[in-house]
Amino acid sequence: MDRRVQKSRQAIREAFVGLMKEKDFEHITVQDITDRANVSRKTFYLHFLDKYDLLDRIIEDAIREMDEFGRCVCELDWVPATEHCFQYLADRYDFFGTMLTQAGAPYFRRRYVESCMSSFREEIRKVVGRQPLPEEEVILQFVVHAYVGTVEWWLQQGMPHPPKVMADRVGRMLEAVYAQLPTLRRPVAERETPAAPLAQLDPGA
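Residues numbered from 1 in each chain as written. Predicted model: local features only at pLDDT ≥ 70, side-chain atom pairs only at ≥ 80, totals over all residues. Heavy atoms only, no water.

Chemist: Describe the overall build of the protein, naming the residues involved and giving the relevant values.
Modeler: The secondary structure content of the protein amounts to eleven helices and zero strands. When its helices and strands are written in sequence order, the protein yields α-α-α-α-α-α-α-α-α-α-α. Counting every position in the protein, which comprises 205 residues, the buried fraction comes to 38%. Excluding contacts between residues fewer than 6 apart, the proportion of contacts in the protein whose partners are at least 24 apart in sequence is 64%. When the accessible area of the protein is evaluated, it comes to approximately 12400 Å², of which 54% is carbon and sulfur surface. (Helix = DSSP H or I, 4+ residues; strand = E, 2+ residues; numbered from the N terminus. Buried < 20%, exposed > 50% of the residue type's maximum accessible area, 1.4 Å probe, protein only. Contact = heavy atoms within 4.5 Å. Areas by Shrake-Rupley, 256 points an atom, 1.4 Å probe, with all protein chains shown as cover.)

Chemist: If you had to explain the environment of Cys-74 to someone new, which residues and values would you point to?
Modeler: Topologically, Cys-74 is positioned in the loop between helix H4 (51-73) and helix H5 (78-91). Assessed through its relative accessible area of 26%, Cys-74 is described here as partly exposed. Put simply, Cys-74 and Ser-119 are 45 residues apart on the chain and 8.6 Å apart in space, counted from C-alpha to C-alpha. Sequence-distant contacts of Cys-74, defined by excluding residues within four places in its chain, comprise Glu-123 and Lys-126.

Chemist: Quick rundown of the packing of aromatic side chains? Include the residues and the values.
Modeler: To describe a pair of aromatic rings, you give the distance between the ring centres and the angle between the ring planes. A full pass over the atoms with the stated rule returns 17 aromatic pairs. Ring centres 4.8 Å apart and planes at 45° place the aromatic pair Trp-78 and Tyr-178 in the tilted group. Within this pair, whereas Trp-78 is found in helix H5, its partner Tyr-178 is found in helix H9 (residues 163-179), the two being separated by 100 residues in sequence. The exposure classification of Trp-78 matches that of Tyr-178, with both residues buried. (Phe/Tyr/Trp six-rings, centres within 6.5 Å; stacked < 30°, edge-to-face > 60°.)

Chemist: Can you explain helix H8 (residues 136-156)? Please cite residues and give values.
Modeler: An α-helix turns once per 3.6 residues; consequently, residues spaced three or four apart project the same way. Between its terminal C-alpha atoms H8 stretches 30 Å, which fits the 30 Å expected from 21 residues at 1.5 Å a residue. Elements that come into contact with the buried residues of H8 comprise H5, helix H6 (93-99), helix H7 (106-128) and H9. Two residues or fewer after H8 comes Gly-158, characterised by a positive phi angle close to 80°. (Expected span 1.5 Å × (residues − 1).)

Chemist: A description of the environment of Gln-87 should follow, citing residues and the corresponding values.
Modeler: Note on placement: Gln-87 falls in helix H5. On the basis of relative accessibility, which here comes to 35%, the residue Gln-87 falls in the partly exposed class. Between the C-alpha atom of Gln-87 and that of Lys-164, which follows or precedes it by 77 residues, the distance is 8.2 Å.

Chemist: Explain unusual backbone geometry to me, using residue names and the numbers behind them.
Modeler: Here the phi dihedral of Asn-38 falls at roughly 60°; this positive angle occurs in a residue that is not glycine. Among the secondary structure elements, Asn-38 is positioned in the loop between helix H2 (30-37) and helix H3 (41-47). Judged by its relative accessible area of 70%, Asn-38 is exposed. Here Met-159, not a glycine, exhibits a phi torsion of approximately 55°, which is positive. Relative to the assigned elements, Met-159 resides in the loop between H8 and H9.

Chemist: Hey, could you go over the nonpolar core for me, with residue numbers and the actual values?
Modeler: Ranked by size, the top nonpolar core spans 54 residues in total, and within it Phe-16, Ile-33, Phe-96, Phe-108, Tyr-112, Phe-120 and Tyr-147 carry the most contacts. Tallying contributions element by element places H8 first for this core, with nine residues. (Core = buried A, V, L, I, M, F, W, Y, C linked by side-chain atoms within 4.5 Å.)

Chemist: Outline the pattern of salt bridges, listing residues and values.
Modeler: Applying the stated criterion across every chain yields a total of 18 salt bridges. For the salt bridge of Glu-22 with Arg-36, the shortest nitrogen-to-oxygen distance reads 3.0 Å. With a gap of 14 residues between them, Glu-22 in the loop between helix H1 (3-20) and H2 and Arg-36 in helix H2 connect regions that are remote in the sequence. You can call Arg-36 partly exposed: its relative accessible area is 41%. Residue Lys-126 is joined to Glu-75 by a salt bridge in which the shortest nitrogen-to-oxygen separation is 3.8 Å. (Salt bridge = Lys/Arg side-chain N within 4 Å of Asp/Glu carboxyl O.)

Chemist: Describe the environment of Lys-51, listing the residues and the values that go with them.
Modeler: Along the chain, Lys-51 falls in helix H4. Overall, the relative accessible area of 9% leaves Lys-51 in the buried class. Linking Lys-51 and Thr-29, residues 22 residues apart in sequence, is a C-alpha distance of 7.4 Å. Residue contacts for Lys-51: discarding those within four places in its chain leaves Phe-25, Glu-26, His-27, Ile-28, Val-30, Ile-33 and Phe-44.

Interpretation note: all reported values are geometric properties and have no functional meaning in isolation.
Quick look at the structure:
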């Protein structure tokens, strides 16, 4: 790609993300973006169909890059892998801190959740094999939304704890949850312990 073309495209993307920090997506215009990026409207439309196309491509590029990164750390133990993930977010704080706030794009959050669902589901497969667990979706919903919610809180609060501390807390909790997965192979009804007869519970019986 021509260096000038690449530079213009990057300027447009950076201008857009900067504007997302300041106002909702619906209130951002192409003119706002071109003014901030110091490019012409013609240049903008050479690269993107409209602001919706720009948003979609930024999101998909970010998710693809994040997925590639996730595959690089997936062989690590939970705590070091989680530290790498939080450091990845910290290094891209301006982007993730904007896109995962109320002023950001709800669609990005949905794509982020979908990406985490895929990653955490694959981790389940490593622990229990290809056969789905009973109530597996319940486990995934719990783990993914707890993780994403924690990431959102951490970014919105300005990263009050360093990635290493977050990894020690979050990584250990994830490790504990996944360690319990093999015990959940049987349906709930089969795992329930029969209640003791009342006569055994009453000391006076």
